[in-house]
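# Summary of structural features
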Amino acid sequence: MKKLLLPAILTCTLFASEDNFFELGAGYINTEDNFSTNSNKKITSFSSSESENKAIPNINTYYGKNLSENIKAYFQLEQTDLKIGTKLNTTIGNFYFGVNSKLLEEEWENPFLLNEDRKETDINENGLFLAYEFNTSDYSSAIIKYEYSKREYDIDKTIEDLKRNGNRNLFSLNHDLFLNILDEETLLLTNLIFENYSADGKASSYDSLGLELGFSRDLTSKTNLLVLTNFSNKQFDKINPIFNEKIESDNFKALMKIEYNEPFDFVNTYVNFKIGHENENANNNFYDKKTDFALFGIGYKF
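Below or above, wherever it landed, is the structure these notes cover. (Residues numbered from 1 in each chain as written. Predicted model: local features only at pLDDT ≥ 70, side-chain atom pairs only at ≥ 80, totals over all residues. Heavy atoms only, no water.)

What follows concerns the overall build of the protein chain. On a plain count of helices and strands, the protein chain comes out with one helix and 14 strands. In summary, the protein chain has a C-alpha radius of gyration of 20 Å against a globular reference of 19 Å for 302 residues, a match within 12%. When its C-alpha atoms are laid out on the principal axes, the protein chain stretches across 60 × 40 × 35 Å. Per-residue burial over the protein chain gives 47% buried out of 302 residues. Once local pairs closer than 6 in sequence are excluded, the contacts in the protein chain between residues at least 24 apart make up 58%. The distance from the centre of the 31 positive side-chain charges to the centre of the 47 negative ones in the protein chain is 4 Å. (Helix = DSSP H or I, 4+ residues; strand = E, 2+ residues; numbered from the N terminus. Rg over C-alpha atoms; globule rule 2.2 N^0.38 Å. Buried < 20%, exposed > 50% of the residue type's maximum accessible area, 1.4 Å probe, protein only. Contact = heavy atoms within 4.5 Å. Lys, Arg positive; Asp, Glu negative; His and termini not counted. Charge placed at Lys NZ, Arg CZ, Asp CG, Glu CD.)

Structure, rendered in structure tokens:
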């Protein structure tokens, strides 16, 4: 399954979720990505990937249960990202910790193979996360978050310098600011993200630094609008021996989500619609990536 690289702010906002919910729907995705199994099975050159279309499911859920007055256990699924964690309330803020896993991921055994059918391989990625949430003023709060995961390919037939098994370290600082704009409360969102991926092959290892900006605002008493953007730069550690250059890319992501609560006055229900765009512009065409998607969901809060 193609993983939607949704802005990390969207995941951070779920930390503050007070409602349990289950959401089910479907969507459409258009991708250009030589590493994705949505791309052509056989390629004849190291050019940009051709466009591929696919229908995808939309499944999201969050369930939390209070174990005591200050401890809450929760289960969270956002597309293919699974988290099982614990929230601890203290006088100095909230602490989160637990395990995470990425589900149903796959890539090509050797994405660089020419003039032959490329074969799919499954990817297992599991790890842990820690987060600390605290108030920075009467109108703002922040979350400091660290995630670690180990990524393993069932079969990786790339050359040694491009082996992809590795360890991912992700650090982020998310800040929320509540403002009153035109007599309506608006939530301004910012997130600074640093990612280090240390692969067995140093030409597949990289560092990425990104900034996310967005806002959330009620359009009516039942309708909320969320807009998120992400700007980042990725730089690989070593010269790619196939292209004889060190790969780097500038990346942009954008997401808009509209949610309508209690349609037809059905209590505790909602519908939402998300559209997103992702573009990774690299200094080598083979590493260029582009994704456009639209998702529709119907949910129930409990």
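This is not the end of the story, as more comes after the structure.
Turning next to the pattern of salt bridges. Enumeration over the complete set of coordinates arrives at 16 salt bridges. Across the salt bridge formed by Glu105 and Arg151, the nearest N and O atoms sit 3.3 Å from each other. One end of the pair, Glu105, is in strand E5 (residues 93–108); the other, Arg151, is in strand E7 (residues 140–153), and 46 residues separate them in sequence. A salt bridge links Glu125 to Arg151, with the shortest nitrogen-to-oxygen separation between them at 2.5 Å. Within this pair, whereas Glu125 is found in strand E6 (residues 120–137), its partner Arg151 is found in strand E7, the two being separated by 26 residues in sequence. For Arg151, a relative accessible area of 7% gives the class buried. (Salt bridge = Lys/Arg side-chain N within 4 Å of Asp/Glu carboxyl O.)

Let us look at the pairing of strand E12 (residues 248–261). Here 13 bridges tie strand E11 (residues 223–236) to E12, and the two strands are oriented antiparallel to one another. Looking at the pairing, Gln235 lines up with Glu248 of E12. (Pairing = 2+ DSSP bridges.)

The relation between two aromatic rings is expressed through the spacing of the ring centres and the mutual angle of the planes. As enumerated under the stated definition, the model contains 24 aromatic pairs in all. For the pair Phe286 and Tyr287, a centre-to-centre distance of 6.2 Å together with 75° between the ring planes defines the contact as edge-to-face. Tyr287 carries the same exposure label as Phe286, and that label is buried. Of the aromatic side chains, those joined through ring pairs into one cluster are Phe35, Phe46, Phe112, Tyr197, Tyr206, Phe236, Phe243, Phe286 and Tyr287. Here the guanidinium or amino end of Arg164 rests over the ring plane of Tyr153, the centre of that ring lying 4.3 Å away. Taking NZ or CZ as reference, Lys234 lies 4.5 Å from the ring centre of Tyr206, over its face. (Phe/Tyr/Trp six-rings, centres within 6.5 Å; stacked < 30°, edge-to-face > 60°. Lys NZ or Arg CZ within 6 Å of the ring centre and 35° of its normal.)

Looking now at unusual backbone geometry. For residues that are not glycine, phi is negative in most cases, and the peptide bond is trans in most cases. Here the phi dihedral of Gln79 falls at roughly 60°; this positive angle occurs in a residue that is not glycine. Along the polypeptide, Gln79 turns up in the loop between strand E3 (71–78) and strand E4 (81–90). What makes Gln79 buried here is its relative accessible area of 14%.

So, about the environment of Thr158. Take Thr158: it is sitting in the loop between E7 and strand E8 (166–181). Look at Thr158 and you get buried, because its relative accessible area is 4%. Spatially, the C-alpha atom of Thr158 lies 7.3 Å from that of Glu109, the residues being 49 residues apart in sequence. Those residues within four positions of Thr158 in sequence are excluded, and the remaining contacts are Glu109, Asn110, Pro111, Phe112, Lys163 and Arg164. Among the polar contacts listed, one links the side chain of Thr158 to the side chain of Asp156, at a separation of 2.7 Å. (Polar contact = N/O pair within 3.5 Å; in protein donor to acceptor, adjacent residues only side chain to side chain.)

Where strand E1 (residues 21–33) meets strand E14 (residues 289–301), 13 bridges bridge the pair, whose relative direction is antiparallel. The residue of E14 that forms the bridge with Asp33 is Lys289. Pairing between E1 and strand E2 (residues 52–66): 11 bridges, direction antiparallel. Bridging across to E2, Thr31 finds its partner in Glu52.

Turning to the environment of Lys289, a few remarks are in order. Among the structural elements, Lys289 can be located in strand E14. Once the C-alpha coordinates of Lys289 and Asn34 are considered, the two residues, 255 residues apart in sequence, prove to be 7.6 Å apart. Setting aside residues up to four positions removed in sequence, Lys289 forms contacts with Glu32, Asp33, Phe35, Glu278, Asn279 and Glu280.

A word on a negative patch on the surface. A grouping of Glu120, Asp122, Glu152 and Asp154 is seen on the molecular surface, where their side chains present a negatively charged patch. Looking at the element boundaries, Glu120 is found in strand E6. (Patch = residues over 30% accessible without salt bridge, like charges linked within 9 Å, V, L, I, M, F, W, Y side chains within 5 Å. Areas by Shrake-Rupley, 256 points an atom, 1.4 Å probe, with all protein chains shown as cover.)

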